[in-house]
Amino acid sequence: MNQNRQLDFSDERSNIAAKIAEIHSNRTPLSLLLDGITDVRNIGMLLRLADAARLQTVYFYNCKPSIAKKMATARQVLPYLQLVFIETEAELLLLQQKNTFVALEKTTQSVPYNLYDFQKNTILILGAENSGVSQDLLDLAVATLHLPMLGINTSMNVVCAASIAVYQSLTFF
């Protein structure tokens, strides 16, 4: 009788050195840009999402609070992620020249996330918990995506929304 059982870490990562080498050499060509996100739990879960989907880079913009406190919520994945802090508009514009900015935000011009054709070197912009993606980043985005909301609520937690959009994007790579 074949018993169905839950897998543990050693079942899925029996050769951890080989897995780490694979992670570093074979990343998904998608990055996240966290625009003003300050909630410790959201940052931690977004970093875990970046690891789970093997994303290229996580960029921080308009993020002022102590980063050490925030990183503690995702400490196990930190060695496997590339984190970049953008402090000036010039750095942001340089990044935009080399990548496609796509915002995850409900706007007058947004399209459902599942209708967008993700390309390599896309950076998915995620906005702050209370204010969403800032207007300066919306202006830099070539597209704005939203998740259709079928109930009464008009928005979803940033981590939930990002997870849906990120895993949708994986079908394109």
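Since the structure is predicted, the reported quantities are computational estimates derived from the model, not experimental observations.

Q: How should the pattern of salt bridges be read in this particular structure?
A: Close approach of charged atoms allows side chains with opposite charge to pair. Going through the model one piece at a time under the given rule, you end up with three salt bridges. Glu22 is paired through a salt bridge with Lys19; the nearest N and O atoms lie 3.6 Å apart. Here the residue Glu22 and the residue Lys19 both occupy positions in helix 2 (residues 16-25), the gap between them amounting to three residues, near one helical turn. By relative accessible area, which is 33% here, Glu22 ends up partly exposed. Connected through salt bridges with shared partners, the residues Lys19, Glu22 and Arg54 form a single ionic network.

Q: For this particular structure, what's the right way to read the nonpolar core?
A: Within the largest apolar cluster, 32 residues are counted, with the highest numbers of intra-cluster contacts made by Leu34, Leu46, Leu47, Leu104, Leu124, Leu126 and Val166. Breaking this core down by element, the ones donating at least two residues are strand 1 (30-35), helix 3 (40-52), strand 2 (58-61), strand 4 (100-104), strand 6 (122-127), strand 7 (143-146) and helix 7 (158-169). Top contributing element to this core by residue count: helix 7, with six residues. Counting 15 residues, the second largest nonpolar core, distinct from the first, contains Ile86, Leu95, Ala103 and Val133.

So, how was this worked out
- Residues numbered from 1 in each chain as written.
- Predicted model: local features only at pLDDT ≥ 70, side-chain atom pairs only at ≥ 80, totals over all residues.
- Heavy atoms only, no water.
- Salt bridge = Lys/Arg side-chain N within 4 Å of Asp/Glu carboxyl O.
- Helix = DSSP H or I, 4+ residues; strand = E, 2+ residues; numbered from the N terminus.
- Buried < 20%, exposed > 50% of the residue type's maximum accessible area, 1.4 Å probe, protein only.
- Core = buried A, V, L, I, M, F, W, Y, C linked by side-chain atoms within 4.5 Å.

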